[in-house]
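# Structural description and commentary
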Amino acid sequence: METHSAWYSGINKQVNKIKDLKGEKNLRKYKLNYLLCIAERVDSYSGFCSECQSFQKEITEIVADLSEFVQIPDDSARMPKEKHRVYFKTVNKITSHLQKQHNLVIEGQNLGLWISIGTAIGVAIGASSDSIGFGIPIGIAMGTAVGTYLDNKAKKEGRVICPREVSGFSKNTTIAIIILGLLILAGAILFLFLYRG
Ligand SMILES: [Zn+2]
């Protein structure tokens, strides 16, 4: 593991303090683990990427806002609306920069994309043959295979922004989608078997 800059160490310390003060609920709500992941990435690119360099300043600001909010002892206290909006806007902006400029992916990103592509291809196959309703599950199965392959490849190459991130597109969601795809496939096969055979 590479060593971190003083900037990252400071952010890490502050975010951990936020976790301690407001606990599990805010950990998920503000995706604090994910925030640390993007901070780590931005830190590693800041030496040669001017945008990442300016993101460091923005992360410092949103973490300061969050720190201020967690000082309020009342548990039902909410972050001011405008600051809440800026927080997520910043996280999303940095995420899309990491995806576009640094070729990183969100865990499960390829799976989601390829299931959509597979479904579209499946619809086309179904429409062009007499087996309407059979094309879609085949498309989903193909999309799942390609997407899973690409996600695993990205993981091996260390291009997943936050591999152990629990919120967002988690492993459970991935498994649920695969199971759903298989169920649809099984249903379609059963349908064809009953009505054709
Ligand atoms: Zn950058």
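Structure: see above.
Quick caveat: nothing in here was measured; it's all calculated off a predicted structure. (Residues numbered from 1 in each chain as written. Predicted model: local features only at pLDDT ≥ 70, side-chain atom pairs only at ≥ 80, totals over all residues.)

## Examining the overall build of the protein chain
Counting its regular elements, the protein chain contains seven helices and zero strands. Starting at the N terminus and ending at the C terminus, the protein chain contains elements arranged as α-α-α-α-α-α-α. Each of the 197 residues in the protein chain was classed as buried or not, and the buried ones make up 25%. In the protein chain, once contacts between residues fewer than 6 apart in sequence are set aside, the share between residues at least 24 apart is 70%. (Helix = DSSP H or I, 4+ residues; strand = E, 2+ residues; numbered from the N terminus. Buried ≥ 20, exposed ≤ 12 C-beta atoms within 10 Å, placed from the backbone. Contact = placed C-beta atoms within 7 Å.)

## Quick word on helix 3 (residues 50-70)
End to end, helix 3 covers 31 Å across 21 residues, agreeing with the expected 30 Å (1.5 Å per residue, within 8%). Within the sequence span of helix 3, burial applies to C52, F55, I59, V63, L66, F69 and V70. One face of helix 3 carries all of its buried residues, which in axial projection span an arc of 110°. Those residues of helix 3 that are exposed and angled more than 90 degrees off the buried face are S50, S54, K57, A64 and E68. (Expected span 1.5 Å × (residues − 1). Arc of directions from axis to C-beta.)

## Describing the nonpolar core
L35, I38, A39, V42, L66 and I161 are the most contacted members of the largest nonpolar core, which has 26 residues in total. Those elements that place two or more of their residues in this core are helix 1 (6-29), helix 2 (32-45), helix 3 and helix 4 (81-101). Taken together, domain 1 (6-101) and domain 2 (109-196) each give at least three residues to this core, which thus spans both. Discounting residues that sit within four places of it in the chain, I38 has contacts with V91, I94, T95, L98 and I161. L111, W114, I136 and I140 belong to the second largest nonpolar core, which has six residues in total. (Core = buried A, V, L, I, M, F, W, Y, C linked by C-beta atoms within 7 Å. Domains from an automatic or database assignment.)

## Describing unusual backbone geometry
Leaving glycine aside, a negative phi is the common case for residues, and trans is the common case for peptide bonds. The phi dihedral of K31 falls on the positive side, at around 45°, and the residue is not glycine. Note that K31 resides in the loop between helix 1 and helix 2. In the Ramachandran plot, N103 falls in the positive-phi region, its phi being about 60° despite a non-glycine side chain. Inspection of the secondary structure assignment puts N103 in the loop between helix 4 and helix 5 (109-128). Residue classification places N103 among the exposed positions, given that 10 C-beta atoms sit within 10 Å.

## A closer look at the environment of S96
Within the element layout of this structure, S96 appears in helix 4. Given 10 C-beta atoms within a 10 Å radius, S96 is considered exposed. Residues S96 and I106, 10 residues apart in the sequence, show an inter-C-alpha distance of 9.8 Å.

## Details of the packing of helix 2 against helix 3
Between helix 2 and helix 3, the shortest axis-to-axis distance is 8 Å and the interhelical angle comes to 140°. Between helix 2 and helix 3, the angle is such that the two are oblique. Handedness of the crossing formed by helix 2 with helix 3: left-handed. Where helix 2 abuts helix 3, its residues A39, V42, D43 and Y45 lie against C52, F55, Q56 and I59. Broken down by class, the residue content of the contact of helix 2 with helix 3 amounts to six nonpolar, one polar and one charged. (Axes fitted to C-alpha atoms, helices over the stretch in contact; angles between N-to-C directions. Parallel < 35°, antiparallel > 145°, perpendicular 65-115°, else oblique. Left-handed = near helix turned anticlockwise from the far one by under 90°. Nonpolar A, V, L, I, M, F, W, Y, C, P; charged D, E, K, R; others polar.)

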